[in-house]
Each structure stands twice: as structure tokens, then as C-alpha cells.
Amino acid sequence: MEVDTLDRGIIDALRLDGRVAFSALAEILGVSDQTVARRYRRLRDGGLRVAALPDGVRLGYDMWMIRLTTTPDSAGAIADALARRPDTTWVTLGSGGTEVTCVVQNPGTADREQLLLQKLPRTPRLVSVRAHCLMHHFAGGPVGGEARNISLSPDQVSLLRYPAPPADAVAVLSDEDRPLLAALNRDGRLGFPQLAAATGWSESTVRRRLDHLRATGAIFFDVEMEPALLGYRARFLLWLTVAPAHLAAVGQELARHEEVVFVAATTGETNLMATIICHDMAELYTYVTGRIGPLPGVERLESVPALRHVKQVAAVL
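Note that the structure is predicted; figures quoted are calculated from it, not measured.

Participant: In this structure, what is going on with the packing of aromatic side chains? I would like to understand it.
Facilitator: Throughout the structure, instances matching the rule amount to one aromatic pair. Plain terms: the ring middles of F22 and Y40 are 5.4 Å apart, the flat faces sit at 55° to each other, and that makes the pair tilted. Note that F22 is positioned in helix α2 (residues 22-29) and Y40 in helix α3 (residues 33-45), a separation of 18 residues in sequence. A residue is classified by how much of its surface remains accessible, and F22, at 23% relative accessible area, is partly exposed. Exposure remark for Y40: the relative accessible area of 5% places this residue in the buried category.

Participant: Would you mind going over the state of the cysteines with me for this structure?
Facilitator: Note on terminology: a disulfide is the covalent bond linking the sulfur atoms of two cysteines. Under the counting rule described, the total for this entry stands at zero disulfides. We note that C133 lacks a disulfide partner, and the nearest cysteine sulfur, in C102, lies 14 Å from it. Residue class for C133 comes out partly exposed when judged on its relative accessible area of 22%.

Participant: Explain the environment of A139 here, please?
Facilitator: Note that A139 resides in strand β5 (residues 126-139). Once the C-alpha coordinates of A139 and A167 are considered, the two residues, 28 residues apart in sequence, prove to be 17 Å apart.

Participant: I keep staring at the pattern of salt bridges and nothing clicks. Help me out?
Facilitator: Within the structure shown, the criterion is met by 16 salt bridges. A salt bridge links D73 to R125; the nearest nitrogen and oxygen atoms lie 2.8 Å apart. One end of the pair, D73, is in the loop between β2 (62-70) and α5 (75-83); the other, R125, is in the loop between α6 (109-119) and β5, and 52 residues separate them in sequence. Both residues of the pair, D73 and R125, belong to the exposed class. Three or more residues are tied together by salt bridges with common partners; here these are R67, E99, R130, E269 and E302.

Participant: What exactly am I supposed to notice about the sheet that holds strand β3 (residues 88-94) here?
Facilitator: Sheet strands pair by backbone hydrogen bonding; their relative direction is either parallel or antiparallel. Pairing is antiparallel in the closed barrel, where eight strands are placed in the order β2-β4-β3-β10-β7-β9-β8-β5. Averaged over neighbouring strand pairs, the angle between their axes works out to 35° when direction is ignored. Alignment of β5 against strand β8 (residues 260-266), held across four bridges, turns out to be antiparallel. Its bridge partner lying in β8, H137 is registered against A264. Of the strands in this sheet, β5, β7 (234-242), β8, β9 (272-278) and β10 (298-311) are in contact with helix α11 (residues 247-255), which crosses β5 at around 80°.

Participant: Honestly, unusual backbone geometry in this entry has me stumped. Any pointers?
Facilitator: Despite not being glycine, R125 has its phi angle at roughly 65°, a positive value. Residue R125 is classed as exposed on the basis of its relative accessible area, which comes to 53%.

Participant: Is there a simple way to think about the side chain of T89 in this case?
Facilitator: Along the polypeptide, T89 turns up in strand β3. A residue is classified by how much of its surface remains accessible, and T89, at 13% relative accessible area, is buried. When sequence neighbours within four positions are dropped, the list of residues in contact with T89 reads L53, V103, Q105, Q312 and V313.

Participant: Help me understand the nonpolar core, please; the structure alone is not making it clear to me.
Facilitator: Generally speaking, a soluble globular protein has its nonpolar side chains buried in company with each other. Membership of the largest hydrophobic core comes to 52 residues, with the highest contact counts inside it found for I10, L14, L25, L48, M65, L184 and I219. The element that contributes the greatest number of residues to this core is helix α1 (residues 5-16), accounting for six residues. Membership of the second largest hydrophobic core comes to 22 residues, among which are L238, L254, V263 and A265.

Participant: I keep staring at the pairing of β10 and nothing clicks. Help me out?
Facilitator: Looking along a regular strand, one sees the side chains alternate between the two faces of the sheet. Judged from the four bridges that link them, β3 and β10 form a sheet pairing that is antiparallel. When the bridges of β10 are listed, V91 appears paired with K311. By the bridge criterion, seven bridges tie β7 to β10 in an arrangement that is antiparallel. Following the sheet pairing, T241 is matched in β10 by R300.

Participant: Is there a simple way to think about the packing of helix α8 (residues 178-186) against helix α9 (residues 192-199) in this case?
Facilitator: In a packed pair of helices, the relevant descriptors are the angle between the two axes and the axis-to-axis distance. Packing of α8 against α9 leaves a shortest axis separation of 9 Å and a crossing angle of 135°. Comparing their axes, α9 and α8 come out oblique. Viewed along their axes, α8 and α9 form a crossing whose handedness is right-handed. For the pair α8 and α9, the contacting residues are P179, L180, A183 and L184 in the first and L195, A198 and T199 in the second.

Participant: Explain the environment of W201 to me, please; I cannot follow it from the model alone.
Facilitator: Within the secondary structure layout, W201 lies in the loop between α9 and α10 (203-215). Taking C-alpha positions, W201 is 9.5 Å from L180, a pair spaced 21 residues apart along the chain. Once residues lying within four places of it in the same chain are set aside, the contact partners of W201 are E176, D177, L180, A196, V206 and R209.

Participant: How should the side chain of S74 be read in this particular structure?
Facilitator: Positionally, S74 belongs in the loop between β2 and α5. Note on S74: relative accessible area 6%, which makes it buried. A distance of 2.9 Å separates a polar atom in the side chain of S74 from a polar atom in the side chain of T71.

Rules of the game
For every chain, the first residue of its written sequence is number 1, and the numbers climb from 1 along that sequence. Where totals are concerned, whole chains, interfaces and linings use all residues; where local detail is concerned, this predicted model gives features only for residues with pLDDT of at least 70, and gives and counts side-chain atom pairs only at 80 or more. Side-chain numbers here rest on the full set of heavy atoms in the structure, without hydrogens or water. Pairing of aromatic rings covers Phe, Tyr and Trp, the last through its six-membered ring, and needs centres within 6.5 Å; plane angles under 30 degrees mean stacked, over 60 mean edge-to-face, and all others mean tilted. Only DSSP runs of H or I covering at least 4 residues are called helices, and only runs of E covering at least 2 are called strands; the numbering of each starts at the N terminus. Exposed residues in this analysis have more than 50% of their type's maximum accessible area, buried residues have under 20%, and partly exposed residues fall in between, with area computed by a 1.4 Å probe over protein chains only. Counting rule for disulfides: a pair of cysteine sulfur atoms within 2.5 Å. For this analysis, a salt bridge means a side-chain nitrogen from Lys or Arg found within 4 Å of a carboxyl oxygen belonging to Asp or Glu. When DSSP finds two or more bridges between two strands, those strands count as paired. Angles shown run from 0 to 180 degrees and are taken between the N-to-C directions of axes, each axis being a line fitted to C-alpha atoms and, for helices, limited to the stretch in contact. Contact criterion: two residues are considered in contact whenever any of their non-hydrogen atoms come within 4.5 Å of each other. By convention a nonpolar core is built from buried Ala, Val, Leu, Ile, Met, Phe, Trp, Tyr and Cys residues, the set being connected through side-chain atoms within 4.5 Å. Working rule for angles: under 35 degrees goes down as roughly parallel, over 145 as roughly antiparallel, 65 to 115 as roughly perpendicular, anything else as oblique. In this scheme the crossing of two helices becomes right-handed for a clockwise turn of the near helix relative to the far one and left-handed for an anticlockwise turn of less than a right angle. Any pair of nitrogen or oxygen atoms within 3.5 Å is treated as a polar contact; in protein, a donor-acceptor pairing is required on top of that, and neighbouring residues in sequence qualify only through side-chain atoms on both sides.

See the structure below:
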């Protein structure tokens, strides 16, 4: 599938507001409503997904980055099983098909302990488990990054960006909200009639509750798409060891890089993890040696190729 300038504008707009009305988007992009709708359907058929996710940082969730080393013949099955879990938001198969990396977030510690202490240790052909608690997000998900390397003008960005929640907003996601979140995770652009059917609420109740969850930052909308369609064919996970005195500065610097789509400070033998996308291996080499290498405090870097994203943000259908 070829992605042109208009397609890229629609993708970037959805990153700014996943539920922006096609009529508003059409006016901003200078095309008709029908054109936007037709292009969106084409992109969706090509793999684009808009999905709602809980903001684990604002909700105070237990958040972990888990690295699993497996035998080559079992990595795919383990990755698929993790992708089907509702508490995973990102599952990647990498390192020659023997490493599975995933992000897990839960409201409490019970589910985390069940996964780490009971389920994973009993998984056949699992060689090792390394669990890194996510301490601080610099970029990725609801934390910035959506306006880097963007095809839209600053005026268009300002018109499209969904307002950030106030710093003092109290984010709460109740059990009653789960059907709504599940429906929006499958398709973040479902209409209010479909959301009412999924929740058993009236359309006005759905609208009011969704507005509240977004306004308080309890949920956010993200876009899932194969990076290769946009020309990015080198996808890597970087695990960095950074001197503690430089950790914040290095994390903030990486968050400004166009190549970085996610970066967070973690616990463990490495203390900074980043996901990067480059056009090719030559660009990756230049980035690692020219942008990361000279940063003060970076002591060690491990790069792991992301062979396949089994799950990015949306529920596995």
C-alpha cells in the first residue's frame, strides 16, 4: 500500500486526536469529508488502528517492561499468548526470534505477582525472565512525541491537538468503564450507537462518560500502524545503562529525537529503554554513533532488532 501526503496528514491528525470528526479533519486538510472517510477506510484496511488505552501513569498503575528469553520454536506462541492478555499494551518478537518483550500494566500488584511468580515461571521452553519496573516516561503513549517529524503545519497541529488534562485532574477508571474501554481498544473510532450497544448505556451517558475519561486523562488514544508503510524499515529496542546523575538529561534528550517513539527510565541492570525507528540500517548506525554515543553518562548500549510487533496498542482481533 502506498502512503501519500494526504494519507500521512490523516495519520498524523489521528495521533493528535484519535476521534477527530472527519468533517473537522476535512476542513483542516482542505479536502472533502468523503475523501477523508475513503482514505481512512483504505488505511484501516492496510492495518491502521486507532485504539484507546488507560494512562497507567496518571492512574497509578503497576507498570512493567518484561524481557523473556525463549527457545526459538516457542517464542511466537508465547508472544501470541501475551498479546491476548488485556493488561499487555505492547508485545514484540525480537533478537533472532528468541526474545519476547512486552509492557504490562495493572491497577494493583496481585495480577503482576500472578504473572511473574506463577504463570511465566511455569511456561514451557522459557529460558529466562527479566522484569523492569517503569519508573518514568519521557516519550511514548500519552507523553508527547506526537508532533515530531509531523507532516502538518503548526496551525493545523494547534487545531487538531486534543486538550491535555489539567495537572490536578483526578483520573479514575472504574469497573463499570471496562466494557467502554474494551470496545474503544478494539476500535477507537466506534460511533456512539455502537458504544451504547457495547456498554448497555444510553448514547448520552456514553458521550458524557467518554468526555470525562478523556478530560481527566484516565484514557488516551493512540495509533497503530506498520512503520514500514511510512518508510521505516529498521526497528530496534535500545537498552541503555546510564550514570544516575545523567539519567534524566539523557532521557529528555532522547525524547526530542525524531527516531524515538518511546523512552522510559526503568529498574534493572539497564536503566533506560527506548524504541526507535529508522529508514534503514545506515541511518540506525549514524543515529547510534552520532546521536547517542556522544551523550554524557551513557555507559553501555544493547540494541535488539524488533522482528515483529505482535501487539502494539490495540486488542488482538
